[in-house]
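Chains, contacts and geometry: an overview
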Amino acid sequence: MAEGTVQARCRHCGTEAEIPAYNIINVRENPGIKEQLLEGKLFIWTCPHCGTDNLVRYPLLYHDPDQKLLIWLSDGIPEVEARMAETVSGEAGLADYTARMVDTPGDLMEKIKIYDAGLEDVPMEICKFVVRQEMDKDVDLKFFRMEGADHRILLTYPENGEMQIVGSGFSVYEDAAGIMRRNPQLKTSGMVRVDRRWLSRFIR
């Protein structure tokens, strides 16, 4: 685990501070830090002047060697993203890894939850597409958790300033996984973004 610092600025009062920030997290070596990440604590800075909680986004590489999972929270700089993708593709020890690039701390947390649940993100994106069609709503769905003996999938989305929950039967995910297996273009290699925009290249 590598730790550095980033510059933070309070959105309410403008106070600035240099705060601790992780560059790389290996959750096998530091399992406790994963819980902090999933609770959002790694990206929240409380202003000492006015007490406002601020979201602080910074680039972070999440590494779970047990699940063979790499997730890069990008800073949005194309040159940096290209170098990261090239590094991952050129590393022989990562050939059997799932490598993903995400844009927000929320996206990072969702990816971790998906793979912790024993699922994959490509069929999950297809599953979310199906649920949006059934809802007839253009909403940003996020995986929340599986529950019950039937492994019902719960997704969340914001509406009217509150988080809503919608459920989907596990059979929808299983059908989505079948679609992925039958369509080689949906299989990924290297470090890529797998999200709603990515899926729209194949399913509309």
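Note that the structure is predicted; figures quoted are calculated from it, not measured.

Re the pattern of salt bridges
Close approach of charged atoms allows side chains of opposite charge to pair. Taken as a whole, this structure holds 16 salt bridges when the rule is applied. Across the salt bridge formed by Lys142 and Asp107, the nearest N and O atoms sit 2.3 Å from each other. On the criterion of sequence distance, the pair formed by Lys142 in strand β8 (residues 142–147) and Asp107 in helix α3 (residues 105–116) is long-range, its members being 35 residues apart. Relative accessible area serves as the criterion here: at 18%, Asp107 is assigned to the buried category. Where Glu147 meets Arg145, a salt bridge forms, and the shortest distance between an N and an O atom there is 3.4 Å.

Remarks on the packing of α3 against helix α4 (residues 121–135)
The contact between α3 and α4 brings their axes to 10 Å, and the two run at 105 degrees. Comparing the axis directions of α3 and α4 gives the class roughly perpendicular. From α3, Glu110, Lys111, Ile114 and Tyr115 reach across to α4, where they touch Asp121, Met124 and Lys128. Classifying every residue of the contact of α3 with α4 gives three nonpolar, no polar and four charged.

A word on the sheet that holds β8
Taken together, three strands build an open sheet; the order of strands is β8-β9-β10 and the sheet is antiparallel. With partners counted over all chains shown, the strands left at the sheet margins are β8 and β10 (162–168), one partner each. Neighbour-to-neighbour, the strand axes of this sheet turn through a mean angle of 30 degrees, independent of strand direction. When β8 meets strand β9 (residues 152–159), the two strands line up antiparallel, connected through five bridges. Paired with Glu147 across the bridge in β9 is Arg152. Relative to the sheet, α4 contacts β8, β9 and β10, its axis offset from that of β9 by approximately 65 degrees.

Brief notes about unusual backbone geometry
Non-glycine residue Lys68 carries a positive phi angle of around 50 degrees. In this model, Asn160 sits at a positive phi of 55 degrees, which is unusual for a non-glycine residue. If you trace the backbone, Asn160 turns up in the loop between β9 and β10. With a relative accessible area of 75%, Asn160 lands in the exposed category.

Points about α3
Spanning 12 residues, α3 covers 17 Å between terminal C-alpha atoms, matching the ideal 16 Å at 1.5 Å per step. Taking burial as the measure, the 12 residues of α3 include nine buried ones, the bulk of the element. Buried within α3 are the following residues: Pro105, Asp107, Leu108, Met109, Glu110, Lys111, Ile112, Ile114 and Tyr115. Once α3 ends, the next one or two residues include Gly118, with phi positive near 80 degrees.

Conventions used here
Residues numbered from 1 in each chain as written. Predicted model: local features only at pLDDT ≥ 70, side-chain atom pairs only at ≥ 80, totals over all residues. Heavy atoms only, no water. Salt bridge = Lys/Arg side-chain N within 4 Å of Asp/Glu carboxyl O. Helix = DSSP H or I, 4+ residues; strand = E, 2+ residues; numbered from the N terminus. Buried < 20%, exposed > 50% of the residue type's maximum accessible area, 1.4 Å probe, protein only. Axes fitted to C-alpha atoms, helices over the stretch in contact; angles between N-to-C directions. Parallel < 35°, antiparallel > 145°, perpendicular 65-115°, else oblique. Contact = heavy atoms within 4.5 Å. Nonpolar A, V, L, I, M, F, W, Y, C, P; charged D, E, K, R; others polar. Pairing = 2+ DSSP bridges. Expected span 1.5 Å × (residues − 1).

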